[in-house]
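Residue strings, one per chain:
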Amino acid sequence: MAAAKEIVLGSFPQDWMAKGPARIVYDALEKAGGQPRFVGGCVRDGLLGRAIRDIDIATALPPSAVIEAAGAAGLKHAPTGLEHGTVTVIAEHAGIEVTTLRRDMETDGRHAVVRFTDDWREDAARRDLTINALSVDKDGAIYDYFDGVRDLRAGRVRFVGDPEARVREDYLRILRFFRFHADYAVGNFDQPALAATIAGKSYLRSLSGERLRQETLKLLTARRGAETWRAMLETGIAGAYLPEATSSDRLARLVKLESALRVVPDAIRRLAAVTVTGSAAVVAERLKLSNAERERLAAITAARPEFPVSAMNQVRRQIYELGNARALDLLLVDWAAHEPSDETMPQWQQACDLVRNWPRPEFPLSGRDAIACGLQPGPELGQTLRAVEAWWIAGDFAGSREHCIDALKRQVKQGKS
């Protein structure tokens, strides 16, 4: 491997490094002799001029010393991954992950036995990708051991060292390779890396659902997520751990719709776009989705009629039954399922505008209103209210509270006659 290099670039230091939570934690570690550096996404995105999402710091201090340094600085901490050397230090209500430099002693494709070290190059050598092996100190010096800066600027995603060895160490790196390609690459796949991922794809099923979930959802919302997912289907990567995955055409159209309509990209909605109808339960279990994610995926991918866009009263009924957010999910995924003709395009657009801008109404009556009209608590009360609600819905939600009260009185009168 190439000798260590130190490159000083004018883009660093940046504001987030010089003040605020990141600098508070950095100074605490430095005061304790930890020789800290910023690592990970904040370095990658900072170099590319992107918004900084998460800030991570690496240090030569062992976890116990990190905790001690945090305490000495009056900072709270959470032991989020002590076995792998990670402590989350909290400054100004923001959590900064601090990880001790490591070297892998044993790997089996799923787990690693690590030993802490104070050697930065040794730590960089165990990283998966060259663009993930970069580190930067508070003065803006970027430490680049494996040409990560050159790869980042060229939009190239490569493994550190031998791709096959990196994949054998941790099979999740297969998905991480595709995810980082989707987010940072501007050209074709690195061929040695691609070959290594294809060779190891059968091992993806041995990974925990939690790890598969994290990488899959991040990949689907990455900048080139749709085209990368297509490549994963074509190479058998997606099918190796998610055989319920289907054509990427609907995903590509969904991405275009979200962009054109300025809808925030959503990972579960995009997962639904690539999932076979009726397979939500299996997919949710394999990816260990949360209960809310599981329910949402099931609702979108259930066997059901296509979202009704030809009649706006039916669209309003969908909003009332589902809520605006769920109705938008169904509408967008169904819209992306085919290429609307010039004749139907205005209908989809009008329905989408209604879903996004017409707040779900609330039925204006309650059990108290029914009791005030002479009904006693019980099944009859509930049946009567449901009948009035059905009348209100059939009238396209136009009835006011007063109108609903009148309808309730008529319903009670009919029940007594």
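Quick note: structure is the one above.
Residues numbered from 1 in each chain as written. Predicted model: local features only at pLDDT ≥ 70, side-chain atom pairs only at ≥ 80, totals over all residues. Heavy atoms only, no water.

Visitor: An account of unusual backbone geometry is needed here, citing residue identities and associated values.
Guide: Phi is positive for R262, which is not a glycine, with a value near 60 degrees. You can see R262 is positioned in the loop between α13 (249-261) and α14 (267-273). Residue classification places R262 among the exposed positions, given a relative accessible area of 75%. Residue D396 is not a glycine yet carries a positive backbone phi of 60 degrees. Within the fold, D396 resides in the loop between α21 (379-394) and α22 (401-416). Owing to a relative accessible area of 25%, D396 belongs among the partly exposed residues under this scheme. (Helix = DSSP H or I, 4+ residues; strand = E, 2+ residues; numbered from the N terminus. Buried < 20%, exposed > 50% of the residue type's maximum accessible area, 1.4 Å probe, protein only.)

Visitor: Any chance you could break down the pattern of salt bridges for me, citing the residues and the numbers?
Guide: Tallied over the entire structure, the rule returns 32 salt bridges. The salt bridge involving R50 is made with D45; its shortest N-O contact spans 4.0 Å. When its relative accessible area of 2% is taken as the criterion, D45 is described as buried. When the shortest N-O distance is used, the salt bridge between E169 and R166 registers 2.6 Å. (Salt bridge = Lys/Arg side-chain N within 4 Å of Asp/Glu carboxyl O.)

Visitor: Describe in detail the side chain of T384, supporting the description with residues and values.
Guide: In this fold, T384 is placed in helix α21. Contacts of T384, omitting those with residues within four sequence positions, involve L375, L408, Q411 and V412. (Contact = heavy atoms within 4.5 Å.)

Visitor: Got a sec to walk through helix α10 (residues 209-220)? Specific residues and values, please.
Guide: For α10, which comprises twelve residues, the first-to-last C-alpha distance of 16 Å matches the rise-based estimate of 16 Å (1.5 Å per residue) to within 8%. Residues G209, L212, E215, T216, L217, L219 and L220 constitute the buried set of α10. (Expected span 1.5 Å × (residues − 1).)

Visitor: Kindly report on the pairing of strand β3 (residues 56-59), identifying the contributing residues and their values.
Guide: Relative to β3, strand β2 (residues 37-39) runs antiparallel, the two sharing three bridges. Residue R37 lies in a different strand from β3, and its bridge partner there is A58. Note that β3 and strand β6 (residues 94-100) share four bridges and pair parallel. Each bridged residue has a counterpart across the sheet, and for D56 the counterpart in β6 is E97. (Pairing = 2+ DSSP bridges.)

Visitor: Residues and numbers for the state of the cysteines, please.
Guide: Throughout this description, disulfide means a covalent bond between two cysteine sulfur atoms. Counted according to the given criterion, the structure contains zero disulfides. C373 supplies the cysteine sulfur nearest to C404, a cysteine that is in no disulfide, at a spacing of 12 Å. For C404, a relative accessible area of 0% puts it in the buried group. (Disulfide = S-S within 2.5 Å.)

Visitor: Pulling in residues and values, what's your account of the environment of W358?
Guide: Among the secondary structure elements, W358 is positioned in the loop between α19 (345-357) and α20 (367-372). Under the relative-accessibility criterion, W358 is labelled partly exposed at 21%. Those residues in contact with W358, other than ones at most four positions away along the chain, are R316, I319, N324, D353 and F397.

Visitor: Summarise the side chain of R126; cite the residues concerned and give the values.
Guide: Note that R126 resides in the loop between α5 (120-125) and β9 (135-136). Filtering out sequence-adjacent residues up to four positions away, R126 remains in contact with R102, R103, D104 and R173.

Visitor: Break down the pairing of β6 for me, with residues and values.
Guide: Bridge count for strand β5 (residues 86-91) against β6 is six bridges, and the pairing is antiparallel. Residue T88 lies in a different strand from β6, and its bridge partner there is E97. Hairpin connection of β5 to β6: two residues between the antiparallel strands, including E92 at a positive phi of 50 degrees.

Visitor: I'd like a description of the packing of aromatic side chains, backed by residues and values.
Guide: Using the criterion set out here, one finds 15 aromatic pairs in the structure. Look at W16 and F38: their rings are 5.0 Å apart centre to centre, the planes differ by 75 degrees, and that puts the pair in the edge-to-face class. With W16 in helix α1 (residues 15-18) and F38 in strand β2, this pair connects stretches of sequence that are 22 residues apart. Summarising the burial analysis for this pair, W16 and F38 share the class buried. Plain terms: the ring middles of F159 and F177 are 5.6 Å apart, the flat faces sit at 25 degrees to each other, and that makes the pair stacked. Of the two residues, F159 is situated in the loop between α6 (148-154) and α7 (163-169) and F177 in helix α8 (residues 173-184); the sequence distance between them amounts to 18 residues. The structure contains a cluster of three or more aromatic residues connected by ring pairs, namely Y320, W358, F363, W392 and F397. Of note, R37 hangs over the ring of Y143, and the distance from its end group to the ring centre comes to 3.5 Å. It is R410 that lies over the ring of W391; its NZ or CZ is 6.0 Å from the centre. (Phe/Tyr/Trp six-rings, centres within 6.5 Å; stacked < 30°, edge-to-face > 60°. Lys NZ or Arg CZ within 6 Å of the ring centre and 35° of its normal.)

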